[in-house]
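A structural walkthrough
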Amino acid sequence: SPSDTLHPENRQKREAPSTAPSSSHERPKGHAFETPIRLCRQEHDWDCGLASSLMIIRSYWGEEYLASPVTMPEMRRRCATDSVWTIDIAHLLRGFNIPVRFLTISPGINPSHADSWFYQDALKSDTKRVMDLFGSAKEKGVLIENRKLDLEEMATLTLNGRHSLIVLVDRTKLM
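Reference entry: report on the structure contained in this document.

Analysis parameters
- Residues numbered from 1 in each chain as written.
- Predicted model: local features only at pLDDT ≥ 70, side-chain atom pairs only at ≥ 80, totals over all residues.
- Heavy atoms only, no water.
- Axes fitted to C-alpha atoms, helices over the stretch in contact; angles between N-to-C directions.
- Helix = DSSP H or I, 4+ residues; strand = E, 2+ residues; numbered from the N terminus.
- Parallel < 35°, antiparallel > 145°, perpendicular 65-115°, else oblique.
- Left-handed = near helix turned anticlockwise from the far one by under 90°.
- Contact = heavy atoms within 4.5 Å.
- Nonpolar A, V, L, I, M, F, W, Y, C, P; charged D, E, K, R; others polar.
- Core = buried A, V, L, I, M, F, W, Y, C linked by side-chain atoms within 4.5 Å.
- Buried < 20%, exposed > 50% of the residue type's maximum accessible area, 1.4 Å probe, protein only.

Take the packing of helix α1 (residues 48-61) against helix α3 (residues 72-79) next. Contact geometry for α1 and α3: axes closest at 10 Å, N-to-C directions at 115°. It follows from the interaxial angle that α1 and α3 lie roughly perpendicular. Every pair of crossing elements has a handedness; the one defined by α1 and α3 is right-handed. Residue-level contacts link L50, A51, S53, L54 and I57 of α1 to M72, M75, R76 and C79 of α3. For the contact of α1 with α3, a count of residues per class yields 7 nonpolar, 1 polar and 1 charged.

What follows is the structure, given as structure tokens:
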């Protein structure tokens, strides 16, 4: 059962995260996350996706994370931009050998972003990079699905202990 895999004597021996994705280092499909997700604070107004990713990495790798700690500065170095898009986060997680399913209602760059002050500067400089990341997603092991995720499916995925979600929302829609 999934809960049996959480007991130390039943865990499969796995290698700690490496810098490049390798399917031979991935945890067994359906394997529960090792530890609960603990808060990692963002350090800048733009690195919330990196802080969220770091929380997932620490939870996914459990105690193995301690052998090779990853910090926010390391996350920023790996991402190499302070204009972080969701596709950057997906590729970053794959770089830590974490399976990624990326659900989006707008693969690529959402055309409505052109009207948003928040994206004005980023669109000019990021369009090619973002589109290249979408283009290379499949070969890098990032599964992209063009669809919404409803609340019932979110609950089902997270309650089984085998999935974590990073849900990006427009804060103006929450108010």
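At a minimum axis distance of 10 Å, the contact between α1 and helix α4 (residues 86-94) shows a crossing angle of 25°. On the basis of the axis angle, α1 is roughly parallel to α4. Note that α1 runs across α4; the crossing there is right-handed. Contacts between α1 and α4 involve G49, L50, S53, I56 and I57 from the first element and I89, L92 and L93 from the second. In terms of residue class, the contact of α1 with α4 is built from 6 nonpolar, 2 polar and no charged.

In this structure, M75, I87, F96 and I98 are the most contacted members of the largest nonpolar core, which totals 32 residues. Where this core is concerned, the elements lending two or more residues are α1, α3, α4, β1 (100-104) and α5 (120-140). The element best represented in this core is α1, accounting for 8 residues.

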